[in-house]
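# Report on the structure
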Amino acid sequence: MSETMKIEFVALAGLPPQTPTGDSPRQAGGKDGSARTLVIFMGKDFTFGAATLHLIGDQGESLIKKAAAAVKFKGKALTALDLVAPAGLAAERLIVVGTGADGGDEKREGKSKTDVPPEPEDYAKLGGFVIGKLGREANAVVAFDPPRPPKEPAHAAADFAAGMRLRDYRFDQYKTKKKDDEEAKGGAHILVAVEKPAGVRQAAKGGEAVTAGVLTARSLINEPANVLYPEEFANRALALKKHGVEVTVLDDAAMRELGMGALLGVGQGSARESRAVIMRWRGGKSAKDSAKSKSQPIAFVGKGVCFDTGGISIKPAAGMEDMKGDMAGAACVVGLMQALAERKANVDAVGAIGLVENMPGPQAQRPGDIVKSMSGQTIEVINTDAEGRLVLADLLWYVQDKFKPKFIVDLATLTGAILVALGQEHAGLFTNNDELGERLIAAGKATGEKLWRLPLGAAYDKMIDSKFADMKNTGGRHAGSITAAQFLQRFVHGTPWAHLDIAGTGMGSPASEINQSWGSGFGVRLLDRLVADYYEG
């Protein structure tokens, strides 16, 4: 994995004007004098921020209008005008990025500005777009002066920088042959010029922690299953100890003693032993102090099927290689716990992941087998490819019984049915608590990791009743995502709970302005925002 980008925040007022005789922007905060590209932002109808107008002057504004007219550039959001060797300006390259904001009070299409509410800005997406235009080895100054001033400038600039880092990520550690020019050049060096650099640097610390958590999740998802099997996954989770996270690993024997028959049944066909990992971040407090305050944690649970063949109910061969990503929920929980710890979040949080391989073999469970879960409830295994819910069942019970959390959110690449329903635009949300559901949806809108709530109900619950056990692990073809959620709900014992089905968003995700990776790390930013907005302090 390459992590080569360097981002510095400098004073916007310190950028020299782009005049024919003025100094080059390469002197604006860069010690090596190597910055050659200038990035500025433009809204509709050639609107610029005041600092940007001062920077480019009348001559620069005229140049941009002339060039824009030639290519019909209108400043639409996430479009760019790229000028090499702009006449009369000191920069060797000028990139004008459209933001889609008009920045003025004039009427637009017969309606006043107040009649047309502006769309909320996604500054992370804007940052990703910019680094996509600059390229991986760019040396550039970004004048962060959007035509429509952000409500929270420091956080907007921090999000912008986070978007650049997310876009820059790539997973290439197994490529032994790389292009000579890639090896010769260093990473991008970006100076982000802002009004108050000190405030942005402070805000960016938290953003960098969250970004690091996302990249950890992506790298776990991208790893091949012969490298990242349950024991190795658990070892990587143990690395969180250096950030102050308490980490406990449960092996087969420990889980058998706890009665986790549902989880262990999934992994019994594999030569690799299963694992469960329990992580706790106490907000920087010791376990003793936490016990004194009788802290009630919040909890996150992740499905970690390191490879899923489907077991005896084996999957078709085509596309089975993607099943190395069937642990994206667990990867998200690890990335989230890292983010909370690195940014020193003032929250008591528990993360639990179940790590198994679902393989066919002489010891594999069969369709028709009945297993006993940790809760004492029995499950008829109708389809061994409906395995993730069996892993989550024991983890959910363990977490709600041991920690008595305020709520539990689980994440899982659980059903293909969620792809049929929602595609890759939204993850499915199921919950027994309206407030928790509304908060998750709000956090999804704020981060762009969008959720869509689907129903739960007694009629769906009846679809998983079994003739031979307390329940069966699948309700058939219809409402597949809903019956899977109904199954999980039987193991939370009334605790406020939400289930996120991320089968469409967690792996094989479409390329976006902030993600060019196969594994997206979906959920880390979403859940960190949930914690930051509602549960810290």
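These figures come from a predicted structure and were not determined experimentally. (Residues numbered from 1 in each chain as written. Predicted model: local features only at pLDDT ≥ 70, side-chain atom pairs only at ≥ 80, totals over all residues. Heavy atoms only, no water.)

### Considering the overall build of the protein
Broken down by element type, the protein carries 16 helices and 17 strands. For the protein, whose C-alpha radius of gyration is 26 Å, the value lies close to the compact-globule estimate of 24 Å for 537 residues. C-alpha extents for the protein along the principal axes are approximately 85 × 55 × 55 Å. Relative to all contacts within the protein whose residues are 6 or more apart in sequence, the contacts with residues 24 or more apart total 77%. Within the structure as shown, the protein displays about 23100 Å² of accessible surface, and the carbon and sulfur contribution to it stands at 50%. (Helix = DSSP H or I, 4+ residues; strand = E, 2+ residues; numbered from the N terminus. Rg over C-alpha atoms; globule rule 2.2 N^0.38 Å. Contact = heavy atoms within 4.5 Å. Areas by Shrake-Rupley, 256 points an atom, 1.4 Å probe, with all protein chains shown as cover.)

### Digging into helix H2 (residues 123-134)
The end-to-end C-alpha separation of H2 is 16 Å, in line with the 16 Å expected for twelve residues at 1.5 Å each. Extensive coverage of H2 is indicated by the burial of nine of its twelve residues. For H2, the complete set of buried residues consists of Tyr 123, Ala 124, Leu 126, Gly 127, Gly 128, Phe 129, Val 130, Ile 131 and Leu 134. In this structure Asp 122 caps H2, since a side-chain oxygen of it lies 3.3 Å from the backbone nitrogen of Ala 124. (Expected span 1.5 Å × (residues − 1). Buried < 20%, exposed > 50% of the residue type's maximum accessible area, 1.4 Å probe, protein only. Polar contact = N/O pair within 3.5 Å; in protein donor to acceptor, adjacent residues only side chain to side chain.)

### Some words on the state of the cysteines
Scanning the model with the defined rule gives zero disulfides in all. Residue Cys 306 stays outside any disulfide, its sulfur separated by 15 Å from that of Cys 332, the closest cysteine. On the accessibility criterion, Cys 306 (1% relative accessible area) is buried. For Cys 332, a relative accessible area of 1% gives the class buried. (Disulfide = S-S within 2.5 Å.)

### Regarding the packing of aromatic side chains
One pass over the full model with this rule turns up ten aromatic pairs. Pairing Tyr 123 with Phe 144 gives two aromatic rings, centres 5.9 Å apart and planes at 65 degrees, and the pair type is edge-to-face. Residue Tyr 123 is found in helix H2, and its partner Phe 144 is found in the loop between strand S5 (139-143) and helix H3 (153-168); the two are separated by 21 residues along the sequence. On the basis of relative accessibility, which here comes to 10%, the residue Tyr 123 falls in the buried class. Seen in terms of ring centroids, Phe 144 and Phe 160 are 5.2 Å apart; in terms of plane orientation they differ by 50 degrees. Their pairing is tilted. Remark: Phe 160 occurs in helix H3 and Phe 144 occurs in the loop between S5 and H3; sequence separation between them is 16 residues. Overall, Phe 160 belongs to the buried group, its relative accessible area being 0%. Within the aromatic cluster, the residues linked to one another by ring pairs are Phe 41, Tyr 123, Phe 144 and Phe 160. Note that Arg 272 overlies the ring of Tyr 229, its terminal NZ or CZ placed 3.7 Å from the centroid. (Phe/Tyr/Trp six-rings, centres within 6.5 Å; stacked < 30°, edge-to-face > 60°. Lys NZ or Arg CZ within 6 Å of the ring centre and 35° of its normal.)

### Some words on the sheet that holds strand S12 (residues 378-380)
The sheet built from three strands is open, its strands ordered S11-S12-S16 with mixed pairing. For this open sheet the edge positions go to strand S11 (370-372) and strand S16 (471-472), each flanked by a neighbour on one side alone. As defined by bridge partners, S12 adjoins S16 across two bridges and the pair is classed as parallel. Paired with Ile 379 across the strands is Met 471, a residue of S16. (Pairing = 2+ DSSP bridges.)

### Things to note about the pairing of strand S9 (residues 298-308)
By the criterion of burial, S9 is predominantly enclosed, with eleven of the eleven residues buried. As defined by bridge partners, S9 adjoins strand S10 (residues 349-358) across ten bridges and the pair is classed as parallel. When the bridges of S10 are listed, Ala 299 appears paired with Val 350. Bridge count for S9 against strand S13 (residues 408-412) is four bridges, and the pairing is parallel. The partner of Val 301 across the bridge, within S13, is Asp 410.

### What about the nonpolar core?
Grouped together as the largest cluster of nonpolar side chains are 62 residues, with contacts concentrated most on Phe 233, Met 279, Phe 300 and Leu 527. It is helix H10 (residues 328-342) that provides the largest number of residues to this core, a total of ten residues. Non-local contacts of Leu 527, meaning those with residues more than four positions away in its chain, are made with Phe 300, Cys 332, Leu 336, Val 409, Leu 411, Leu 440 and Leu 500. Formed by 40 residues, the second largest nonpolar core is a distinct cluster that contains Ala 276, Val 381, Ala 484 and Phe 491. (Core = buried A, V, L, I, M, F, W, Y, C linked by side-chain atoms within 4.5 Å.)

### Considering empty space enclosed by the protein
Enumeration according to the criterion identifies three cavities of 30 Å³ or more in this entry. The volume enclosed by the largest cavity comes to roughly 60 Å³. Around the largest cavity, the lining residues are Ile 7, Phe 9, Ala 158, Ala 161, Ala 162, Arg 165, Ala 204, Gly 207, Glu 208 and Thr 211. Within the residue set of the lining of the largest cavity, elements represented by two or more residues are strand S1 (6-11), H3 and helix H5 (197-222). Residues that form the lining of the largest cavity fall into these classes: six nonpolar, two polar and two charged. (1 Å grid on protein atoms, 1.4 Å probe; cavity = no way out; pocket = protein on both sides within 12 Å on 5 of 7 lines; lining within 4 Å. Points joined across faces, edges and corners; volume = space filled by probe spheres on them. Nonpolar A, V, L, I, M, F, W, Y, C, P; charged D, E, K, R; others polar.)

### Quick word on the layout of surface pockets
Put simply, the second largest pocket is a space of about 650 Å³. Taken together, 31 residues make up the lining of the second largest pocket; nearest its centre are Lys 315, Leu 414, Thr 415, Gly 416 and Ala 417. If you list the elements that add at least two residues to the lining of the second largest pocket, you get S9, helix H11 (388-403), helix H12 (417-422) and helix H15 (480-489). By residue number, the principal contributor to the lining of the second largest pocket is H12, which donates three residues. Looking at the lining of the second largest pocket residue by residue, the class counts come to nine nonpolar, 13 polar and nine charged.

### Quick notes on the sheet that holds strand S6 (residues 189-194)
Whenever strands of a sheet pair, they do so through backbone hydrogen bonds, lying parallel or antiparallel. With mixed pairing, the six strands of this open sheet are ordered in space as S1-S6-S5-S2-S4-S3. Across the chains shown, the open sheet's two edge strands, defined by having one partner strand only, are S1 and strand S3 (80-84). Adjacent strand axes in the sheet meet at a mean angle of 20 degrees, parallel and antiparallel pairs treated alike. Where S3 and strand S4 (residues 93-98) come together, five bridges link them in antiparallel fashion. Paired with Asp 82 across the bridge in S4 is Ile 95. On the sheet, H2 packs against strand S2 (37-42), S3, S4, S5 and S6 and is oriented at approximately 150 degrees with respect to S4. (Axes fitted to C-alpha atoms, helices over the stretch in contact; angles between N-to-C directions.)

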